[in-house]
Amino acid sequence: RLTRAWTHLARQAGGASGRSGSIGGVGLRGPGETQLEVDRREINRRISSLKNDLEKVREHRERHRSQRRRSRIPIVSLIGYTNAGKSSLLNKLSKSDVYVADKLFATLDPTTRRVNLPDGEVALFTDTVGFIQKLPTQLVASFRATLEEINDADLLIHMVDISHPNAKAHYEAVSKTLNDIEASHIPVITVLNKIDLLEEMPSQGAIDWYPNQELISAKTGEGLDELLISIKKFLYETFIPITVNLPYKEGQLISLFHDQGKIDRISHESGGVLIRGSIPARYHVNYIPYLSKNKKIDPPPDEDDMSTN
């Protein structure tokens, strides 16, 4: 855009000297070219400044995420297409007053609130920026500091405005963005919101293809009790069987498995600890890099054999 922004000004020095190739015309620049260079420098300076600000935001949020991880309170991220009702749901569940508006990107700064689950359990819910179809690469980079909140979540609540005629396309756009930011491995509960705007409830066959769906209305509160039960069941009652090969340097993960998981077999090897057992679903994402499918753990020797020997 800049290259044609100053066409009303000269690009080269005027007069016969500029056209004749004489020494006097060599290297001279007109006011248009000078303004172009000034604009380029100013824009590059602003881009550099914004990148530095984004890096500071990223570091600040990383410190907050580290504190939340140490608390071991499960983290639930609300994701979805812009204007799907994420902030409204957070307000309803946490009795807070997060900003809500019927417009694109009403939420740009992630907000975290404590939510009480059934039977006295708790979780931290984080409201994130809304997605759009064909999210430009530049926007993904700009929202990286806020989207990183998603990668640290134990569970994703994918909000879908079921009353919108393009609800399915919105769902697919968000799923694609999750792949782009490498967060597609995190478990998801799909929440079909705004059922209060429907003339009739959708048939089960029409929504079967949404994984783990829950029908709610964040405005009226319909279906929220069932949603909280599903979230609590996943975070605190669902155990996933895994076999992991944990390096000794990952002492925190080894300790976490002992504290929160159920160990069936354990073997100490030269490179690390090989564990077979099951862990709460909310911790599964922490062990994905160390999943072991090929190694077998020898069962402990039989007590009769030990006494005989």
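The preceding data block contains the structure.
Here is what the cut-offs are and how they apply
- Residues numbered from 1 in each chain as written.
- Predicted model: local features only at pLDDT ≥ 70, side-chain atom pairs only at ≥ 80, totals over all residues.
- Heavy atoms only, no water.
- Helix = DSSP H or I, 4+ residues; strand = E, 2+ residues; numbered from the N terminus.
- Buried < 20%, exposed > 50% of the residue type's maximum accessible area, 1.4 Å probe, protein only.
- Areas by Shrake-Rupley, 256 points an atom, 1.4 Å probe, with all protein chains shown as cover.
- Salt bridge = Lys/Arg side-chain N within 4 Å of Asp/Glu carboxyl O.
- Pairing = 2+ DSSP bridges.
- Axes fitted to C-alpha atoms, helices over the stretch in contact; angles between N-to-C directions.
- Core = buried A, V, L, I, M, F, W, Y, C linked by side-chain atoms within 4.5 Å.
- Contact = heavy atoms within 4.5 Å.

S.K.: What's the story with the overall build of the chain in this structure? I'm lost.
M.R.: Tallying secondary structure elements over the chain gives 11 helices and 9 strands in all. Counting across all 309 residues of the chain, residues that qualify as buried make up 39%. Accessible surface, the chain as shown: approximately 18000 Å² in total, 49% of it carbon and sulfur.

S.K.: Would you explain the pattern of salt bridges in this entry?
M.R.: A pair can form between side chains of opposite charge whenever their charged atoms are brought close. This model, assessed by the stated rule, comprises 4 salt bridges. Across the pair E42 and R45 runs a salt bridge, and its minimum N-O distance is 2.9 Å. Residue E42 and its partner R45 are located together in helix α2 (residues 31-71), separated by 3 residues, close to a single helical turn. Classification of E42 as partly exposed rests on a relative accessible area of 36%. Residue D161 pairs with K194 through a salt bridge whose shortest N-O separation is 3.4 Å. Of the two residues, D161 sits in strand β4 (residues 155-161) while K194 sits in the loop between β5 (188-193) and α7 (204-207), which places them 33 residues apart along the sequence. Connected through shared salt-bridge partners, D119, K232 and E237 make up one network.

S.K.: How should I be thinking about the sheet that holds strand β8 (residues 262-268) in this particular structure?
M.R.: Backbone hydrogen bonds are what pair the strands of a sheet, in a parallel or an antiparallel way. Read across the open sheet, the 3 strands follow the order β7-β9-β8; overall the sheet is antiparallel. The open sheet terminates on both sides in strands that have one partner only, identified here as β7 (239-247) and β8. Strand after strand, the sheet turns through a mean of 15° between neighbouring axes, direction not considered. Inspection of the sheet shows β7 paired to strand β9 (residues 272-280) by 9 bridges, in the antiparallel sense. Residue P247 lies in a different strand from β9, and its bridge partner there is G272.

S.K.: Whenever I open this one, the nonpolar core confuses me. Can you help?
M.R.: The nonpolar side chains of a soluble globular protein tend to be buried, and buried together. Counting 24 residues, the largest nonpolar core has L89, F125, I157 and I231 as the members making the most contacts within it. When residues of this core are assigned to their parent elements, the largest contribution, 6 residues, is made by helix α8 (residues 224-237). Those residues in contact with I231 that sit more than four places away from it in its chain are V76, L117, F125, L155, I157 and I189.

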